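# Per-entry structural report
Residue-level listing of the chains:
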Amino acid sequence: MRQPLIVGNWKMHKTAAEGQALARAIREGLHATTVEVVVCPPFTALPAVHAVLHGSPIQVGAQNMHWEDAGAFTGEISPVMLKEWCRYVIIGHSERRQYFHEDDETVRRKVAAALRHGLTPILCVGETLAQREAGQTGAVVATQTRRALEGLTPEQVAGLVIAYEPVWAIGTGRAATGADAEEVIQRRVRGTLAEAFGAEVARRVRVLYGGSVTPENIGEFVCRPGIDGALVGGASLKAESFLGIIHETARAKA
Ligand code: PGA
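Rules used throughout
Residues numbered from 1 in each chain as written. Predicted model: local features only at pLDDT ≥ 70, side-chain atom pairs only at ≥ 80, totals over all residues. Heavy atoms only, no water. Helix = DSSP H or I, 4+ residues; strand = E, 2+ residues; numbered from the N terminus. Buried < 20%, exposed > 50% of the residue type's maximum accessible area, 1.4 Å probe, protein only. Contact = heavy atoms within 4.5 Å. Areas by Shrake-Rupley, 256 points an atom, 1.4 Å probe, with all protein chains shown as cover. Pairing = 2+ DSSP bridges. Core = buried A, V, L, I, M, F, W, Y, C linked by side-chain atoms within 4.5 Å. Near = heavy atom within 4 Å. Polar contact = N/O pair within 3.5 Å; in protein donor to acceptor, adjacent residues only side chain to side chain. Nonpolar A, V, L, I, M, F, W, Y, C, P; charged D, E, K, R; others polar. Axes fitted to C-alpha atoms, helices over the stretch in contact; angles between N-to-C directions. Phe/Tyr/Trp six-rings, centres within 6.5 Å; stacked < 30°, edge-to-face > 60°. Lys NZ or Arg CZ within 6 Å of the ring centre and 35° of its normal. Left-handed = near helix turned anticlockwise from the far one by under 90°. Expected span 1.5 Å × (residues − 1). Arc of directions from axis to C-beta.

## Section: the overall build of the protein
- Within the protein, the secondary structure is distributed over 12 helices and 8 strands.
- For the protein, the spread of C-alpha atoms along the principal axes amounts to about 45 × 45 × 35 Å.
- The buried share of the protein, reckoned over its 254 residues, is 54%.
- In the protein, of all internal contacts separated by at least 6 residues, the share reaching a separation of at least 24 is 73%.
- Total accessible area on the protein is roughly 11100 Å²; 52% of this is exposed by carbon and sulfur atoms.

Structure below.
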């Protein structure tokens, strides 16, 4: 029932011109597929990438946003501005939490603001290595999930995307095992959704795995019934590896 989803997070890579070239290569290499595809360029490349992908099945997302519509917030970008170019927005990525001090409360405000403007949040949750080693993975993921969604209706939550990204697996080449990711996603992400919003919502939300995903290991994740796709960083910066991940996902979910 849930459409598989592969999201590319380009992080702080690609100028507008480079982003257009990458988007064009992805568009040209993508054959008809059951997988929904989203690319998330940096803000400065959004209009250029949107122009290349307009009319294609590939959607555009942003990597962050502010929760206010407008105001004296130097350097920030609002959901009203993103709406011109994007359908999706990544919220609460661990790099935002770690380097820019975002906490569960700012993440909650951003999720609510995105929904208010018709953007689909891709909410990121995940434990650090220290938290994992202290046996806190389940509690951390459940708390991040619950606090980000406080105040939303079940209908709003059902349309969300959640990405489970263990922080120690991001950009390290050390992915989680498929079994581990499935366990956290089913018990802690979907389990928390079921408690707070009901079993039907928990069934409808799309949940991705993220952290060192490659064309070689994606099958290990998307073969699991609870994992609907991936949030891909490094391997989304080259058309060939990103397309490989999409095709492997289509094959596994067929
Ligand atoms: P990675 O990044 O695929 O390079 O590990 C994933 C992410 O941060 O979303």
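## Concerning the pairing of strand β6 (residues 161-164)
- On β6, burial covers both faces: Val161 and Ala163 on one face and Ile162 and Tyr164 on the other are all buried.
- Direction of pairing for β6 relative to strand β7 (residues 206-210): parallel, over a ladder of 4 bridges. Bridge pairing in β7 links Ala163 to Leu208.

## Some thoughts on the nonpolar core
- Counting residues in hydrophobic clusters, the biggest one holds 67 residues, and the most contacted among them are Ile6, Ile26, Leu149, Val157, Leu193 and Tyr209.
- Among all residues touching Leu193, those that are not within four sequence positions of it are Thr145, Leu149, Val157, Ile162, Gly198, Ala202 and Val205.
- Counting 12 residues, the second largest nonpolar core, distinct from the first, contains Cys40, Ile90, Val161 and Leu208.

## Here's the deal with the site of the ligand
- Neighbouring the ligand are 13 residues; Lys11, His93, Glu165, Gly171 and Ser212 lie closest to it.
- At 2.7 Å from an oxygen atom of the ligand is found a side-chain nitrogen or oxygen belonging to His93.
- Within the backbone of Gly171, an N or O atom sits 2.6 Å from an oxygen atom of the ligand.
- Protein contacts shield 95% of the accessible area of the ligand, which totals 280 Å² for the unbound molecule.
- A breakdown of the residues in the shell around the ligand according to their chemical character gives 4 nonpolar, 7 polar and 2 charged.

## Description of the sheet that holds strand β8 (residues 229-232)
- The sheet built from 8 strands closes into a barrel, its strands ordered β1-β2-β3-β4-β5-β6-β7-β8 with parallel pairing. For this sheet, the mean angle separating the axes of adjacent strands, direction not counted, is 25 degrees.
- Across 4 bridges, the pairing between strand β1 (residues 5-9) and β8 is parallel. Within β8, the residue paired with Gly8 across the bridge is Val232.

## Structural notes on the side chain of Ser78
- Mapping Ser78 onto the fold places it in the loop between β3 (59-62) and α3 (79-82).
- Those residues within four positions of Ser78 in sequence are excluded, and the remaining contacts are His66, Glu68, Asp69 and Ala70.

## Examining the packing of aromatic side chains
- One pass over the structure, following the stated rule, counts 1 aromatic pair.
- Ring centres of Tyr209 and Phe221 lie 4.1 Å apart, and the angle between their planes is 5 degrees; on these two criteria the pair is classed as stacked. Placement of the pair is Tyr209 in strand β7 and Phe221 in helix α11 (residues 218-222), with a sequence separation of 12 residues.
- Sitting above the plane of the Phe100 ring, Arg96 keeps its charged end 4.2 Å from the centroid.

## A short note on the packing of helix α7 (residues 137-148) against helix α9 (residues 178-197)
- Close contact between α7 and α9 brings their axes to 9 Å; oriented N to C, the two are set at 35 degrees. Handedness of the α7/α9 crossing: right-handed. In this structure, α7 uses Thr137, Gly138, Val141, Ala142, Thr145 and Arg146 to contact α9, whose residues at the interface are Val184, Arg188, Val189, Thr192 and Leu193.
- Taken together, the residues of the contact of α7 with α9 break down into 5 nonpolar, 4 polar and 2 charged.

## As for helix α1 (residues 16-29)
- For α1, built from 14 residues, the straight-helix expectation of 20 Å at 1.5 Å per residue is met to within 8% by its first-to-last C-alpha distance of 20 Å.
- Among the residues making up α1, those that are buried are Gly19, Leu22, Ala23 and Ile26. Viewed end-on, α1 has its buried residues packed into an arc of 100 degrees, placing them on one side of the element. Pointing more than 90 degrees away from the buried face of α1 are the exposed residues Ala17 and Glu28.
- Where α1 is buried, its residues touch β2 (36-40), α2 (46-53) and α12 (239-253).

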